Amino acid sequence: MISSPVVIAIDGPSASGKSSVSRLVAEALNFRHVDTGSMYRAFTWKVLESGIDPKNRQQVMDLIRKVRLECDFIENEQGGLRLRTRLDGTDPGAVLRSPKIEAHVSQIAAIPEVREWLVQRQRDLAAQGDLVMEGRDIGTIVFPETIFKFYLDANPKIRAQRRARDQNEAGFAKAVQVESVESAIAERDHKDSTRMVSPLKVADDAIRIDTSLHTPQDTADIVLKHIRSHYLARK
Ligand code: CDP
């Protein structure tokens, strides 16, 4: 038997399908869904809102000491449970997905003290029960011991089209072009995979899935099939 709590780790680069797939897998298993990217985005929002230069590591570290970070779970539209992150009582909401936050988040996420702080919170969440956790370093650093590790990826053009569509549907400022989204994504991928601490990389024991030609439901079904066969094999 697998001892509880169970963590399903889903990693991958931007717009690889992690969020939709993680939500579907969490709903199918009745697990909670933790989007760790939203924690890095929320803190980036707070840094910018506080007028701190994201390059000023000392000021960012001072903010970590001062800010009140609350993580809890609320119902999503489908009735599943998703993480909510509040900073000093505020949930920043849809602005977290804006190009402005995307332009700065990788810089903030590369600061070791930021990672230590948020990774500790992520581990605490698992102590409260089973979950699907998505991010960049879940299978490598946050929960290296879990047997359920997936790495999603997709063709860069398709990823850029997906992200441009999401941002245009959200209606941020002016319409975004696929080309500019593609270069922003490439820059963020580069920063995320070359940083000193916890870079984005595939865990040796992760199952890799190319989502380019799959719907989120197809990918979720592949993930669920692996999870169920692992469970049965170990019972
Ligand atoms: O939605 P998308 O995949 O584009 O990004 P996200 O998962 O919301 O993550 C936003 C950013 O947070 C990433 O580009 C990373 O810089 C950072 N991040 C991280 O460093 N580690 C994680 N576990 C999750 C996100």
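Residues numbered from 1 in each chain as written. Predicted model: local features only at pLDDT ≥ 70, side-chain atom pairs only at ≥ 80, totals over all residues. Heavy atoms only, no water.

Trainee: Quick one: what's the story with the packing of helix α4 (residues 99–109) against helix α8 (residues 178–194), residue by residue and with numbers?
Mentor: In contact at an axis separation of 9 Å, α4 and α8 are set at 15 degrees when each is read in the N-to-C sense. Taken together, α4 and α8 sit at an angle that is classed as roughly parallel. The two elements α4 and α8 cross, and the hand of that crossing is left-handed. Contact residues: α4 offers Glu102, Val105 and Ser106, while α8 offers Arg188, Lys191 and Asp192. Of the residues that constitute the contact of α4 with α8, the class distribution is one nonpolar, one polar and four charged. (Axes fitted to C-alpha atoms, helices over the stretch in contact; angles between N-to-C directions. Helix = DSSP H or I, 4+ residues; strand = E, 2+ residues; numbered from the N terminus. Parallel < 35°, antiparallel > 145°, perpendicular 65-115°, else oblique. Left-handed = near helix turned anticlockwise from the far one by under 90°. Contact = heavy atoms within 4.5 Å. Nonpolar A, V, L, I, M, F, W, Y, C, P; charged D, E, K, R; others polar.)

Trainee: Now, about the site of the ligand: what can you tell me, with residues and values included?
Mentor: Taken together, 19 residues are adjacent to the ligand, and Lys18, Arg41, Arg115, Arg188 and Asp192 come closest. Contact distances for the ligand include 2.7 Å between an oxygen atom and a side-chain N or O atom of Lys18. Within the contact set of the ligand, a nitrogen atom lies 3.0 Å away from a side-chain nitrogen or oxygen of Thr36. Protein contact buries 99% of the 530 Å² of open area that the ligand shows by itself. Those elements giving two or more residues to the shell around the ligand turn out to be α2 (36–49), α4 and α8. Here the shell around the ligand gets four residues from one element, more than from any other, and that element is α2. (Near = heavy atom within 4 Å. Polar contact = N/O pair within 3.5 Å; in protein donor to acceptor, adjacent residues only side chain to side chain. Areas by Shrake-Rupley, 256 points an atom, 1.4 Å probe, with all protein chains shown as cover.)

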